[in-house]
Amino acid sequence: MIFYVFLLDYRFIMARIAYVNGRFLQHSYATVHIDDRGYQFADGVYEVIVMYNGMMIDELIHLDRLDRSLKELQIRKPVSRAALRSIIREIVRLNKIKYGLIYLQVTRGIAKREHQFPNKSQPSIILTAKSITMPSRKTIEDGIKVITIKDIRWKRRDIKSLSLLANIIGKQKAIEKGAFEAWQVDDNGKITEGTSSNAWIVTQNGVLITRTADHDILNGVTRVSILKLADRLGVQYKEQSFSVQEAKAAREAFISSATTFVTPVTQIDDVLIGNGKAGALSLSLRNGYIEYANNEGATC
Ligand code: PLP
């Protein structure tokens, strides 16, 4: 028994550390109450911030989106922004993250299980962090496959809500078909976005297209930074819907998200995009984004 305790202590030194409502805990012992509304109703929101080369990418834009999601769902902020930024830094330090991701989740908190908002509840906040490996150059140049699926989600996809059932089912279908992502398609045959990324195409005329950020999609933080980059590089772009047929006839396609940056798509369902290799504009936007992540997009 003593030995066992010793082993646990040893593991604590090596272990991942999570933050739960004011406490830093060993990840495997970090738990929330069964009456937390995040667990009961997915009544909460989240953010994923990436650490690249020891710095956070677009931290403040992620925190702005977190505030917006909370406001839309009338969930109180659990801590001030300044406090949150220091918790983030502590979780990064404790987990020794150089390349990785920070996961941050806020729920309406613990309350008796009734659908309506509780009169009083203290919002719950948890943070975790983990290291990730960056994809090889070959993986990027080969690109990824996406499949198309019906978009069966609710109508407020602009809120980064914990309710991800349709997204996880979609991702599972993609994996089962040997694809990396599933592009969801609305009732008009237009692509909304991936299950955890935004969708982009480059037309045969070289115009970059991504869907307008309204209630139908999550306005990706990476999406916003890529649009700024496109502006700076003088790339002609349009924010408008595009159909599955237009995507399959595109010169290039790619996905964007905090964790995938710009990742070329070289196959949609059974159709190869371009020559089946990553397109030139996709690659230059990826490189431009990485440069941005190393400079003005970075906070430490
Ligand atoms: N769309 C959905 C549905 C997502 O889940 C994500 C990221 O998780 C994105 C788009 C991309 O957003 P971001 O660039 O902020 O990671």
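Source: prediction; values computed, not measured.

The rules behind each value
- Residues numbered from 1 in each chain as written.
- Predicted model: local features only at pLDDT ≥ 70, side-chain atom pairs only at ≥ 80, totals over all residues.
- Heavy atoms only, no water.
- 1 Å grid on protein atoms, 1.4 Å probe; cavity = no way out; pocket = protein on both sides within 12 Å on 5 of 7 lines; lining within 4 Å.
- Points joined across faces, edges and corners; volume = space filled by probe spheres on them.
- Helix = DSSP H or I, 4+ residues; strand = E, 2+ residues; numbered from the N terminus.
- Pairing = 2+ DSSP bridges.
- Contact = heavy atoms within 4.5 Å.
- Axes fitted to C-alpha atoms, helices over the stretch in contact; angles between N-to-C directions.
- Salt bridge = Lys/Arg side-chain N within 4 Å of Asp/Glu carboxyl O.
- Buried < 20%, exposed > 50% of the residue type's maximum accessible area, 1.4 Å probe, protein only.
- Near = heavy atom within 4 Å.
- Polar contact = N/O pair within 3.5 Å; in protein donor to acceptor, adjacent residues only side chain to side chain.
- Nonpolar A, V, L, I, M, F, W, Y, C, P; charged D, E, K, R; others polar.
- Core = buried A, V, L, I, M, F, W, Y, C linked by side-chain atoms within 4.5 Å.
- Parallel < 35°, antiparallel > 145°, perpendicular 65-115°, else oblique.
- Left-handed = near helix turned anticlockwise from the far one by under 90°.
- Domains from an automatic or database assignment.
- Buried area = accessible area lost by both parts, 1.4 Å probe.
- pLDDT = per-residue confidence, 0-100.

A. Summary view of the layout of surface pockets. Here the largest pocket is characterised by a volume of approximately 710 Å³. Lining the largest pocket are 33 residues, with Y46, K160, T195, S196 and L218 positioned closest to its centre. Elements that contribute at least two residues to the lining of the largest pocket include exactly β3 (44–52), α3 (59–72), α6 (165–176), β9 (191–194), α7 (221–233) and β13 (252–257). Residue contributions to the lining of the largest pocket peak at five residues, all from α6.

B. View of the sheet that holds strand β1 (residues 17–20). Judged by pairing direction, the sheet is antiparallel, and its seven strands sit side by side in the order β2-β1-β6-β5-β3-β4-β16 without closing on themselves. The sheet is open, and its two borders are formed by β2 (23–26) and β16 (298–299), each paired with just one other strand. Strand contacts of helix α4 (residues 81–94): β1, β2, β3, β4 (55–57), β5 (100–107), β6 (124–131) and β16, with the helix running at about 35° to β6, the strand carrying the most contacts.

C. Region of the structure containing the pattern of salt bridges. Summed over the entire model, instances satisfying the criterion amount to 27 salt bridges. The partner of R211 in a salt bridge is D216, and the shortest N-O contact between them spans 2.9 Å. Under the relative-accessibility criterion, D216 is labelled partly exposed at 25%.

D. A look at the site of the ligand. Around the ligand there are 18 residues in total, and R65, E193, V221, T222 and A258 lie nearest to it. Note that an oxygen atom of the ligand is positioned 2.9 Å from one of the side-chain N or O atoms of K160. E193 is positioned with one of its side-chain polar atoms (N or O) 2.7 Å from a nitrogen atom of the ligand. Breaking the shell around the ligand down by element, the ones donating at least two residues are α3, β9, α7 and β13. Of the residues assigned to the shell around the ligand, the class counts are four nonpolar, 11 polar and three charged.

E. Representation of the nonpolar core in the model. Counting residues in hydrophobic clusters, the biggest one holds 25 residues, and the most contacted among them are I57, L208, I226, F254, F261, L285 and Y289. Elements with a contribution of two residues or more to this core: β3, β10 (198–202), α7, β14 (261–268) and α9 (280–294). Per-element tally for this core: the top contributor is α9, with six residues. Those residues in contact with F254, other than ones at most four positions away along the chain, are W183, N198, A199, W200, L208, I226, V262, T263, P264, V265, S282 and L285. Grouped together as the second largest cluster of nonpolar side chains are 23 residues, I88, I91, L104 and L127 included.

F. Examining the packing of α3 against α4 more closely. Closest axis-to-axis distance for the α3/α4 pair is 12 Å, and the angle between their directions is 125°. Here α3 lies oblique to α4, going by the angle between them. Once α3 is placed against α4, the crossing between them reads as right-handed. Contacts between α3 and α4 involve E59, L60, L63, D64, L66 and D67 on the former and, on the latter, R81, L84, R85, I88 and R89.

G. Highlighting the packing of α7 against α9. Contact geometry of α7 with α9 gives a least axis separation of 10 Å together with a crossing angle of 105°. Taken together, the axis directions place α7 and α9 in an arrangement best described as roughly perpendicular. Counted together, T222, S225, I226, K228, L229, R232 and L233 of α7 and L285, G288, Y289 and Y292 of α9 form the full contact between these two elements. Class assignment of the residues belonging to the contact of α7 with α9 gives a composition of six nonpolar, three polar and two charged.

H. Representation of the side chain of R37 within the structure. Looking at where R37 falls in the secondary structure, it is placed in helix α2 (residues 37–41). Other than its neighbours up to four places away in sequence, R37 contacts A42, D43, R108, G109, A111, E114, H115, Q116, F117 and P118.

I. Inspection of the domain arrangement of the protein chain at higher detail. Here the protein chain is partitioned into domain 1 (2–131) and domain 2 (137–299). With centres defined by C-alpha atoms, the gap from domain 1 to domain 2 works out at 27 Å. Taken residue by residue, the interface counts 28 residues in domain 1 and 25 residues in domain 2. Carbon and sulfur atoms make up 61% of the area that domain 1 and domain 2 hide from each other, which totals about 2200 Å².

J. How the structure looks around the confidence of the model for the protein chain. When pLDDT is averaged along the protein chain, the result is 95, and 95% of the positions lie at 70 or above. Low confidence marks residues 1–11, where pLDDT is under 50. Its contacts with residues over four positions away, or in another chain, come to four contacts.

K. Geometry of unusual backbone geometry. Of note in the backbone geometry, A42 takes a positive phi value of approximately 55° without being a glycine. By the element assignment, A42 lies in the loop between α2 and β3. Judged by relative accessible area, which is 23%, A42 ranks as partly exposed. One non-glycine residue, F261, lies in positive phi territory at about 55°. By the secondary structure assignment, F261 is in strand β14.

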